[in-house]
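These are the residues of each chain, in order.
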Amino acid sequence: MRILLIGGGGREHALAWKLAQSPKVEKLYAAPGNPGIAQLKKCECININIDDLESVADYAEEKSIDLTVVGPEAPLVAGLADVFKRRGLPVFGPSKAAAQLEGSKAFSKELMAKYNIPTAFFKICEDIATAKAYVEEKGAPIVVKADGLAAGKGVVVAMTKEEALAAIDEMMADHKFGNAGARLVLEEYMEGEEASLLAFTDGKTVVPMIAAQDHKRVFDGDEGPNTGGMGTYAPAPVMTDILRLKATERILKPVVEAMAAEGMPYQGCLYAGLMIKGDSVKVVEFNCRFGDPETQVVLPLLDGDLADIMLACATGTLDKAEVGWYDKAAVCVVMASGGYPESYEKGKDIIGLEAAASDKNVVVFHAGTKYENDSIVTAGGRVLGVTAVDASIKAARDRAYNAVEKIKFDKAFCRKDIAWRALKR
Ligand code: AMP
Ligand code: GLY
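Nothing here was measured: the structure is a model prediction, and the numbers come from that model. (Residues numbered from 1 in each chain as written. Chains lettered and ligands numbered in written order. Predicted model: local features only at pLDDT ≥ 70, side-chain atom pairs only at ≥ 80, totals over all residues. Heavy atoms only, no water.)

Draft legend 1. Structural detail: the sheet that holds strand S10 (residues 193-201). Taking strand neighbours across the sheet as the criterion, the four strands line up as S11-S10-S16-S17 in an open arrangement whose pairing is antiparallel. At either margin of the open sheet sits one strand with a lone partner, and together these are strand S11 (206-208) and strand S17 (280-287). Taking the axes of each pair of neighbouring strands and ignoring which way they run, one obtains an average angle of 35° across the sheet. Relative to S11, S10 is paired through three bridges, and the arrangement is antiparallel. Note on S11: the bridge partner recorded for Thr201 is Val206. Contacting S10, S11, strand S16 (268-277) and S17, helix H10 (residues 241-261) crosses the sheet at an angle of about 45° to S17. (Pairing = 2+ DSSP bridges. Helix = DSSP H or I, 4+ residues; strand = E, 2+ residues; numbered from the N terminus. Axes fitted to C-alpha atoms, helices over the stretch in contact; angles between N-to-C directions. Contact = heavy atoms within 4.5 Å.)

Draft legend 2. Structural detail: the pattern of salt bridges. Under the defined criterion, the tally for this structure stands at 36 salt bridges. Asp147 is the salt-bridge partner of Arg183, the closest N and O atoms lying 3.4 Å from each other. Here Asp147 lies in the loop between strand S7 (142-146) and strand S8 (155-158) and Arg183 lies in the loop between helix H9 (161-173) and strand S9 (184-188), a separation of 36 residues in the sequence. The class for Asp147 is buried, based on a relative accessible area of 9%. Ionic pairing is found between Glu285 and Lys216, a salt bridge with its closest N-O pair at 3.9 Å. (Salt bridge = Lys/Arg side-chain N within 4 Å of Asp/Glu carboxyl O. Buried < 20%, exposed > 50% of the residue type's maximum accessible area, 1.4 Å probe, protein only.)

Draft legend 3. Main features of the environment of Asp359. Topologically, Asp359 is positioned in the loop between helix H13 (353-357) and strand S21 (362-366). In this structure the C-alpha to C-alpha distance between Asp359 and Ala400, which are 41 residues apart in sequence, comes to 9.8 Å. Within polar-contact distance, the side chain of Asp359 engages the backbone nitrogen of Asn361 at 2.8 Å. (Polar contact = N/O pair within 3.5 Å; in protein donor to acceptor, adjacent residues only side chain to side chain.)

Draft legend 4. Broad picture of the packing of aromatic side chains. Taken as a whole, this structure holds five aromatic pairs when the rule is applied. Ring geometry for Tyr29 and Tyr59: centres 5.9 Å apart, planes at 85°, overall edge-to-face. Taken together, the residues span a long stretch of sequence, with Tyr29 in strand S2 (residues 27-32) and Tyr59 in helix H3 (residues 53-62) at a distance of 30 residues. Look at Tyr29 and you get buried, because its relative accessible area is 6%. Residue class for Tyr59 comes out buried when judged on its relative accessible area of 11%. Among the aromatic residues, those joined into a ring-pair cluster are Phe92, Phe200 and Phe290. One cation-aromatic arrangement involves Arg289 over Tyr271; the distance from NZ or CZ to the ring centre is 5.7 Å. (Phe/Tyr/Trp six-rings, centres within 6.5 Å; stacked < 30°, edge-to-face > 60°. Lys NZ or Arg CZ within 6 Å of the ring centre and 35° of its normal.)

Dropping the structure here:
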């Protein structure tokens, strides 16, 4: 099998790492990829313009690609899968219409309301006056969300009315997120513990993965501003077997059925961000792709051939695929550039990568790195995802931090408490 992988972050390194383990994969091209992917056997990074969807499909045809796997949401929301489908090229990832589940929070909330899928109460607001009147009526806490894609920054959990009103002004009057804030979703505040449950689907069959938990705040103790994710672990014990079954039957399967009923079948990875309280599980958000850094802990535990599974999703045969999970745990600690998620410097030499990876149960996924001459330097806010697998969360966490100790770059920092919720139990 020849694979084309779109993307170049930590998630894509984890995807490439697992795909390359398949004996059926003979070659994997990553566009643009990253130095971590470039070091993998069978993998090659290529430079094509991934915003030009037709030329990506041209490339896939030219190289006789059997399956194209799309990592990030932007090309999916732009319609990459539609172009591939029209040209008869197998692709893993939803169509533009189906990707609205992530691309428009108003779309996904309306779908959930129509099909009785558990989520927070909400109101979609098209103008400032309606939004502010709703805040006056409901009071705080309340959650203000920009409808469209805002690089993970378009959500304000307002603990006071003033914060909510200010967020409405920023999004609607000051256009902080451009067109993404032209419509807002105002939402009931949900208490509880969050978990990410991802699933493979071909549009009919739904196969849930093991649950993971992300750490979105930048500092220990879940303090400070939100980031893309500072670390993850799996399986997340908050998601008991019963809750996972409930989430599958009441959320994942109904959504996939709903999308098919609406004439926009959903195929690829469906990411459900869930809020768990007692035995209740509700949807916080959907994403139309793998999570980053959830993928870095979920895929090392996958007992199955990822290339086979993804091809089965793309060709409607997921019911025949074999998907199992190792009875182990994984922890990923993100090493970031000082200053992230605000401004930070790039181009710092990274040392100790080989020493860290000398442990057979550790993989260092590259998120924001690049080659400069012959050395690997920092090139992003989230630089590395140091991931370890072991028998328990505690052992995996110790192993991951042990590897982190061996890696150095100027102004590097990481959270020291990844997996604290699991260990507190
Ligand atoms: P989202 O981009 O929708 O996942 O929102 C980002 C983060 O905001 C989530 O991971 C939650 O921590 C928080 N959040 C979003 N919606 C709610 C809600 N209705 N209640 C409480 N927290 C929320
Ligand atoms: N880790 C959160 C996300 O991928 O959206």
